Protein chains: 2
Amino acid sequence: MHRTKSAGGLLTLARDLKRRKARERTDHFVSEGLRAVGELAASGITVQGVICTTSGAASPRAAALIKTLAGRGVPVVRASDADFASAAGTGSPQGILAIAAVPRRDIAALGAADLARVLVLDAIQDPGNVGALIRTAAALGVRTVVALPGTADPWNAKVVRSAAGGHFHVIVTQADPATLFAALSRARTPLWGADARGRPLGEMTATASLALALGNEGAGLTPDVRGAAAELVALPMTDGVESLNVAVAAGILLYALRP
Amino acid sequence: MHRTKSAGGLLTLARDLKRRKARERTDHFVSEGLRAVGELAASGITVQGVICTTSGAASPRAAALIKTLAGRGVPVVRASDADFASAAGTGSPQGILAIAAVPRRDIAALGAADLARVLVLDAIQDPGNVGALIRTAAALGVRTVVALPGTADPWNAKVVRSAAGGHFHVIVTQADPATLFAALSRARTPLWGADARGRPLGEMTATASLALALGNEGAGLTPDVRGAAAELVALPMTDGVESLNVAVAAGILLYALRP
């Protein structure tokens, strides 16, 4: 566990956390931008430290947030614009970022309630898409988001930013397919996959519990997930039009298949 | 009408078209990346010219596309990586872009069929969101997308890219609110607005024709649109979660309110 209050220590840690290996080794992540830092602060997750620039701390909303965090004993350090930019992993991070421990959850240890409504990310590559999927899941009642191998690291700063706080409202976990299938089977949650060759959504009826898998932006579902799915479901689409964005497709499916 | 076959002329035009004023003055736009150029080529819109780098033209898919366009008499010019980068308006444009005339349509001249299914963008600021909305509209049977004042220019290269060809499957037009309301009234198409304080979506029944308005990412609908809307409709959302991405919300509403 990192426990440093020095500006240099926090800056070094934030820079380190741009690499997936460092995130996995230290089990920390970075949340950037006023909104994502605010959502983190409201989440109950212990914040390890905040780095901000002078201008990033200047708005009334930023000042109030920093005051709240400092009041809880969270180290808040000021950095130059250049130092801040070297630590930030997203564009226009608004001069404020926070570092926190990843709230790790093992899917094998989750109870049936947390496995009653699951979104499975089956090799979703784009960090913006992974973030939008987590945001969509959080808004539409999903309890657990599972990132399968080949999916962008859900604790990547770009993912955390584009999820707009979604990480703090659902369980976000990573698993291999066999572990996921075993957990779903134990919870008696059926796995469905989104697939253009599946049955039309309009013909499907929602089930009380559901794990919905969305596949890679280009290649679709992996053979593992396709093979394990009890149903494949297709969205109706205007002829000749390229597929929907994966987060939009997930939103429509989660809404239409709500319990 | 620009009619130049020189590399310098096309490069100058592409650089110029990064500015909204130049797009409006010349009535041309830029489509960047292999997929968006391919969708443009398939659309029937006359392509003014193509600029590519040596590596951008190298893949079999790019080579086939360039051959098709050159066969139609479209000027194709090679540019250095540096010149290409100075002309491109999006990140990683894959070494290929095309310039074409904006297919301008006046909403006052559209027939009832084109106004039977409309998506209204009410001051949507982010180009990525505007593109995702046009892509979603095209996939879900919308005929016309109307950008109201305050919306990012739908012919901005970032918007065209993120729409993934959507511009070539729906009518994309700009109008002021009064002109839009008059056209909808003439076509007897009711205007509905998405609003968190509206009636829950689950209680609403789709109508055969519908114009659906989505508001600004932060501020929501403008007073003009809110005042003109026959219905305000709200998406159900998990308590305490920030709102859905605007394109995800539009996808759910367009699907749930399909005729």
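Each value, and the rule that gives it
Residues numbered from 1 in each chain as written. Chains lettered and ligands numbered in written order. Predicted model: local features only at pLDDT ≥ 70, side-chain atom pairs only at ≥ 80, totals over all residues. Heavy atoms only, no water. Helix = DSSP H or I, 4+ residues; strand = E, 2+ residues; numbered from the N terminus. Buried < 20%, exposed > 50% of the residue type's maximum accessible area, 1.4 Å probe, protein only. Polar contact = N/O pair within 3.5 Å; in protein donor to acceptor, adjacent residues only side chain to side chain. Contact = heavy atoms within 4.5 Å. Pairing = 2+ DSSP bridges. Right-handed = clockwise from strand over helix to strand, strands pointing away. Phe/Tyr/Trp six-rings, centres within 6.5 Å; stacked < 30°, edge-to-face > 60°. Axes fitted to C-alpha atoms, helices over the stretch in contact; angles between N-to-C directions. Parallel < 35°, antiparallel > 145°, perpendicular 65-115°, else oblique. Left-handed = near helix turned anticlockwise from the far one by under 90°. Buried area = accessible area lost by both parts, 1.4 Å probe. Salt bridge = Lys/Arg side-chain N within 4 Å of Asp/Glu carboxyl O. Nonpolar A, V, L, I, M, F, W, Y, C, P; charged D, E, K, R; others polar.

1. A closer look at the side chain of Asp195(B)
Residues and elements named next belong to chain B.
So, point 1. On the secondary structure map, Asp 195 appears in strand E8 (residues 191-200).
So, point 2. Look at Asp 195 and you get buried, because its relative accessible area is 8%.
So, point 3. Reaching out from Asp 195, the side chain makes a polar contact with the side chain of Arg 226 at a distance of 2.2 Å.
So, point 4. What Asp 195 contacts, discounting residues up to four positions off in sequence, is Leu 221, Arg 226, Leu 232, Val 233 and Ala 234.

2. Quick notes on the pairing of strand E5 (residues 117-122) of chain A
Residue and element names in this part refer to chain A.
So, point 1. The element E5 is largely enclosed, with a buried count of six among its six residues.
So, point 2. A two-sided burial pattern is seen for E5, the buried positions comprising Arg 117, Leu 119 and Leu 121 on one face and Val 118, Val 120 and Asp 122 on the other.
So, point 3. Of the pairings in the sheet, the one linking E5 to strand E9 (residues 210-215) comprises six bridges and is parallel in character. In the sheet register, Asp 122 faces E9, and the bridge partner there is Gly 215.
So, point 4. Traced from E5 through helix H6 (residues 127-139) to strand E6 (residues 144-147), the parallel crossover comes out right-handed.

3. Thoughts on the packing of aromatic side chains
So, point 1. Scanning all chains against the criterion turns up four aromatic pairs over all chains.
So, point 2. A centroid spacing of 4.7 Å and a plane angle of 55 degrees characterise the contact between Phe29(B) and Trp155(B), whose relative ring orientation is tilted. Of the two residues, Phe29(B) sits in strand E1 (residues 28-32) while Trp155(B) sits in the loop between strand E6 (144-147) and helix H7 (157-162), which places them 126 residues apart along the sequence.
So, point 3. Among the residues examined, Phe29(B) registers a relative accessible area of 0% and is labelled buried.
So, point 4. Its relative accessible area of 2% is what places Trp155(B) among the buried residues.
So, point 5. Seen from their ring centres, Phe29(B) and Phe168(B) are 6.2 Å apart, and the 35 degrees between their planes marks the pair as tilted. In this pair, Phe29(B) is assigned in strand E1 and Phe168(B) in the loop between H7 and strand E7 (171-174), connecting sequence segments 139 residues apart.
So, point 6. Here the aromatic residues Phe29(A), Trp155(A) and Phe168(A) are joined through ring pairs into a cluster of three or more.

4. A closer look at the packing of helix H10 (residues 246-256) of chain A against helix H10 (residues 246-256) of chain B
So, point 1. Across the interface, H10(A) lies against H10(B) with an axial gap of 8 Å and an inter-helix angle of 45 degrees. If you check the angle between H10(A) and H10(B), you find them oblique. For H10(A) against H10(B), the interelement crossing comes out right-handed. Here Ala247(A), Val248(A), Gly251(A), Ile252(A), Tyr255(A) and Ala256(A) of H10(A) lie close against H10(B), whose contacting residues are Ala247(B), Val248(B), Gly251(B), Ile252(B), Tyr255(B) and Ala256(B).

5. So, the interface of chain B and chain A
So, point 1. The interface is formed by 28 residues belonging to chain B together with 28 residues belonging to chain A.
So, point 2. Buried surface at the junction of chain B and chain A, summed over both partners, amounts to about 2300 Å²; 62% is from carbon and sulfur atoms.
So, point 3. At the surface where chain B touches chain A, the tally comes to zero salt bridges.
So, point 4. Mapped by element, the contributors of at least two residues to the side of chain B that touches chain A are helix H3 (34-42), helix H6 (127-139) and H10 of chain B.
So, point 5. Sorting elements by how many residues they give to the side of chain B that touches chain A places H10(B) first, with six residues.
So, point 6. Partitioned by chemical class, the residues of the side of chain B that touches chain A number 14 nonpolar, nine polar and five charged.

6. A look at the pattern of salt bridges
Residue and element names in this part refer to chain A.
So, point 1. One pass over the structure, following the stated rule, counts 22 salt bridges over all chains.
So, point 2. Where Glu 24 meets Arg 20, a salt bridge forms, and the shortest distance between an N and an O atom there is 3.1 Å. Taken together, the residues Glu 24 and Arg 20, both in helix H2 (residues 20-26) and four residues apart, mark about one turn of the helix.
So, point 3. Given the relative accessible area of 34%, Arg 20 is considered partly exposed.

7. Looking at the packing of H6(A) against H10(A)
Residues and elements named next belong to chain A.
So, point 1. Here H6 crosses H10 at 20 degrees, and the two axes come no closer than 8 Å. Classified by the interaxial angle, the pair formed by H6 and H10 is roughly parallel. Of the two elements, H6 crosses H10, and the hand of that crossing is right-handed. Across from Asn 129, Ala 132, Leu 133, Thr 136 and Ala 137 in H6, the residues of H10 making contact are Val 246, Ala 247, Ala 250, Gly 251 and Leu 254.
So, point 2. Looking at the contact of H6 with H10 residue by residue, the class counts come to seven nonpolar, three polar and no charged.

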